[in-house]
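# Structure assessment
So the chains spell out like this:
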Amino acid sequence: MLRMSTLFLRTLRDDPADAEVPSHKLLVRAGYVRRIAAGIYSWLPLGVITLRNVERIIREEMDKAGFQEVHFPALLPREAYEATKRWEEYGPSLFRLQDRKGGDYLLGPTHEEMFTLMVKGEYSSYKDLPLTIYQIQTKFRDEARPRSGIIRGREFVMKDSYSFDLTDEGLDISYQKHRDAYISTFDRLHLKYNIVKAVSGAMGGSKSEEFLAPCPTGEDTYVLCPKCGFAANVEAVVTKVTPADASKVPAMEELDTPNTPTIDSLVAILNEKFGGGFTGAATLKNVMLMADNKAISVLVPGDREVDLKRLQAGLAGVEELHTFEEDDFAKFPTLVKGYIGPQDAAKSGITVYADPRVAPGTSWVTGANKLNRHARYVVNGRDFTPDAYIEAAEIREGDACPDCATAVVIDRAIEIGHIFQLGRKYADALGLTVLDQNGKSQVVTMGSYGIGVSRAVAAIAEQSYDQIGLSWPLEVAPAKVHIVATGKEDLPFDTAAEIGAKLEAAGISVMLDDRRDPSAGVKFKDAELIGIPVIIVVGKSLADGNIELRNRKSGEKSEVAVDKAVAAVAALIASLS
RNA sequence: CGGGGCGUAGCGUAGUGGCUAGCGCGCCUGCUUUGGGAGCAGGAGACCGGGAGUUCGAAUCUCCCCGCCCCGACCA
């Protein structure tokens, strides 16, 4: 039983000045965590219990699925990360350090190498597969910008699993098993989430899905089709190409368009010249970018911005991507800023990518590559030809669903889980092979699966808090029942302690507010802030032989006889789980 | 890394060159109070982020550094 008279806890009346998002404010105010440095947090007793509850649920679901827990050090030697070149490739996000002899070490940002090497060290036959192992570990990543409290930290707890199979079919099965285990895990955590198509990112690999918990403070944007259920991270949305018939479009024609370096100014002058009807969507925006110091040109409809994340996802191997700055334009004096068109891109030697919305046969108004001149009836396939098509334009609410063309919904979310098929990349690099039935050496194929454990605590807080504080799901809360004793006599305190003891005897965890000094109001506020799902008040109604039972989330209150308290709590708890 | 904001007691803050740095919460002592963040009285707690400078005098002005937050870039 947690007793507040001695619990190492101090709640705060004011929001911390350095917190912005609700989970961060409330976890600090309610005394769960404290900030130590940017993206680095300490956990106080209530926080530790909550974090352990989340870990326990995850562990139980992993074990139930037949996955086995292992544990690696966080402090790792450089060598393991050399074979996969990640000592270099991970870049500044890797925490590096040296031992007293000058040997290089790192704090593990992720453990693919270690898992692969561990299996390599133990197993060498196809008969040993399939295998899925996992760990719950503290990870370290020197993020350029930690943010949102414990949603994105530099040190965080993660559950990471890896599956090992001989065949692609086996990988599919392992992947599906993990997907199912994640569904039961997140359901038990009472998280609302969507499973969306994702891009594999720097990890490589093919199939990949993310578990996204919808939340206004989330960092990921995803689309959802209300009709067919299509769901994808915007980075993974594939736009349909619908070629147009350009046979009746008049020949390309240059126009005088003085002082129209922006889409808006261009649209205004077009409407003036041709009596209205033009919008940004009729124009073609020719965005210049530097991709690893190589100039590229990207064509998108004028009413859309280039989404750099989506673009980069499609540019394999490109590490650094930014739109042209003044000194980039200086290197290409033939480009007339504000009046660039794709018509003679071939001459300049710049690779032209087109968003699928700029489909073959579509006709556009675009720059004429001369100051104060644009051109209309510029047709893709006739007047210019892109070198390649690539997803580049931003995705918007109402865009057509790639599967069924219904208008999609856009939402923000926190990424709480990511599952993907790694394939043979790591096994190849690290030489993880087994002998097959024919005694032939085969490279193992792997899957990789992660849940942000500390992040899940924040995500649950984000999805369940209200005006007065946190409000945890039953299994996650630091205790199931919060008993508040009020008054100045001993009786309510003794009664509260007795009820607490009986509840604990019945297997129901209890936090008892047995502090004598604070007024009843202070204790009520604290109980609401801390967010334990069931609150019992032992005080005034004791005169009638009753205690008061409250549902933290719904706010419902009822009076219950003291000797019926345990049964009433058990019933309320049953209704909550 | 680019842009913006900020750094004064455990927390939230006031203080734009001039007395011993002020207030609220929290903390300690005493009395009263005790069902919605109590009242009175008395206390403890601050090298004003750090360094250098300007000045008779610096929390306050200048320069450099450090740290924190937000937007973006970045981020299995």
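Residues numbered from 1 in each chain as written. Chains lettered and ligands numbered in written order. Predicted model: local features only at pLDDT ≥ 70, side-chain atom pairs only at ≥ 80, totals over all residues. Heavy atoms only, no water.

### Examining the overall build of chain A
A count of helices and strands for chain A gives 15 helices and 30 strands. Reported as C-alpha extents along the three principal axes, the dimensions of chain A are approximately 95 × 70 × 50 Å. Looking at chain A as a whole, 52% of its 577 residues qualify as buried. When contacts within chain A are restricted to residue pairs at least 6 apart in sequence, long-range pairs at least 24 apart make up 68% of them. (Helix = DSSP H or I, 4+ residues; strand = E, 2+ residues; numbered from the N terminus. Buried < 20%, exposed > 50% of the residue type's maximum accessible area, 1.4 Å probe, protein only. Contact = heavy atoms within 4.5 Å.)

### Things to note about a negative patch on the surface
A cluster of acidic side chains, namely Glu88, Glu89, Asp292, Glu319, Glu320, Glu325 and Asp327, defines a negative patch on the protein surface. For Glu89, the location among the structural elements is in helix α4 (residues 86-89). When its relative accessible area of 54% is taken as the criterion, Glu89 is described as exposed. (Patch = residues over 30% accessible without salt bridge, like charges linked within 9 Å, V, L, I, M, F, W, Y side chains within 5 Å. Areas by Shrake-Rupley, 256 points an atom, 1.4 Å probe, with all protein chains shown as cover. Salt bridge = Lys/Arg side-chain N within 4 Å of Asp/Glu carboxyl O. Lys, Arg positive; Asp, Glu negative; His and termini not counted. Charge placed at Lys NZ, Arg CZ, Asp CG, Glu CD.)

### Quick notes on the nonpolar core
Of all hydrophobic cores here, the largest spans 57 residues; its most connected members are Tyr32, Val54, Phe186, Ile416, Trp472 and Met511. Here this core spans two domains, since at least three of its residues come from each of domain 1 (51-217 + 413-455) and domain 3 (481-576). Among all residues touching Trp472, those that are not within four sequence positions of it are Leu27, Tyr32, Thr50, Val457, Ile460, Ala461, Ala477, Pro478, Ile530, Gly531 and Pro533. Counting 24 residues, the second largest nonpolar core, distinct from the first, contains Leu94, Leu129, Tyr162 and Leu432. (Core = buried A, V, L, I, M, F, W, Y, C linked by side-chain atoms within 4.5 Å. Domains from an automatic or database assignment.)

### With respect to the pairing of strand β8 (residues 131-140)
The element β8 is extensively covered by neighbouring structure, given that nine of its 10 residues are classed as buried. Pairing of β8 with strand β9 (residues 155-165) involves 10 bridges; the strand directions are antiparallel. From the neighbouring strand, Tyr134 faces β9, where its bridge partner is Ser161. (Pairing = 2+ DSSP bridges.)

### Here's the deal with the protein's contact with RNA strand B
In the vicinity of RNA strand B lie 49 residues, with Arg13, Arg152, Met158, Glu528 and Arg550 positioned nearest. In RNA strand B, the atoms that sit within 4 Å of the protein are 50% sugar and phosphate, with bases accounting for the remainder. Note that a base oxygen of RNA strand B is positioned 2.9 Å from one of the side-chain N or O atoms of Arg29. Contact distances for RNA strand B include 2.8 Å between a phosphate oxygen and a backbone N or O atom of Ala38. Those elements giving two or more residues to the surface near RNA strand B turn out to be β2 (33-37), β9, α8 (308-314), β22 (409-423), α14 (520-530) and β29 (546-551). A total of seven residues in the surface near RNA strand B trace back to one element, the largest contributor, which is α14. Counted by class, the surface near RNA strand B contains 13 nonpolar, 13 polar and 23 charged residues. (Near = heavy atom within 4 Å. Polar contact = N/O pair within 3.5 Å; in protein donor to acceptor, adjacent residues only side chain to side chain. Nonpolar A, V, L, I, M, F, W, Y, C, P; charged D, E, K, R; others polar.)

### Overview of the packing of helix α2 (residues 45-64) against helix α12 (residues 453-464)
Their axes nearest at 9 Å, the elements α2 and α12 cross at an angle of 110 degrees. As judged from the angle between their axes, α2 and α12 are roughly perpendicular. Crossing of α2 against α12: the hand is right-handed. When α2 is examined against α12, the residues Thr50, Leu51, Val54, Glu55 and Ile58 are found in contact with a partner set consisting of Val453, Ser454, Ala456, Val457 and Ile460. A breakdown of the residues in the contact of α2 with α12 according to their chemical character gives seven nonpolar, two polar and one charged. (Axes fitted to C-alpha atoms, helices over the stretch in contact; angles between N-to-C directions. Parallel < 35°, antiparallel > 145°, perpendicular 65-115°, else oblique. Left-handed = near helix turned anticlockwise from the far one by under 90°.)

### Points about the pattern of salt bridges
Here the structure, examined in full by the defined rule, presents 40 salt bridges. One salt bridge connects Glu82 with Arg78, and the closest N-O pair in it is separated by 2.4 Å. What makes Glu82 partly exposed here is its relative accessible area of 34%. The class of Arg78 is partly exposed, set by a relative accessible area of 22%. Here the salt bridges do not stand alone but share partners, grouping Arg56, Glu60, Glu61, Lys64, Arg188 and Glu475 into one network.

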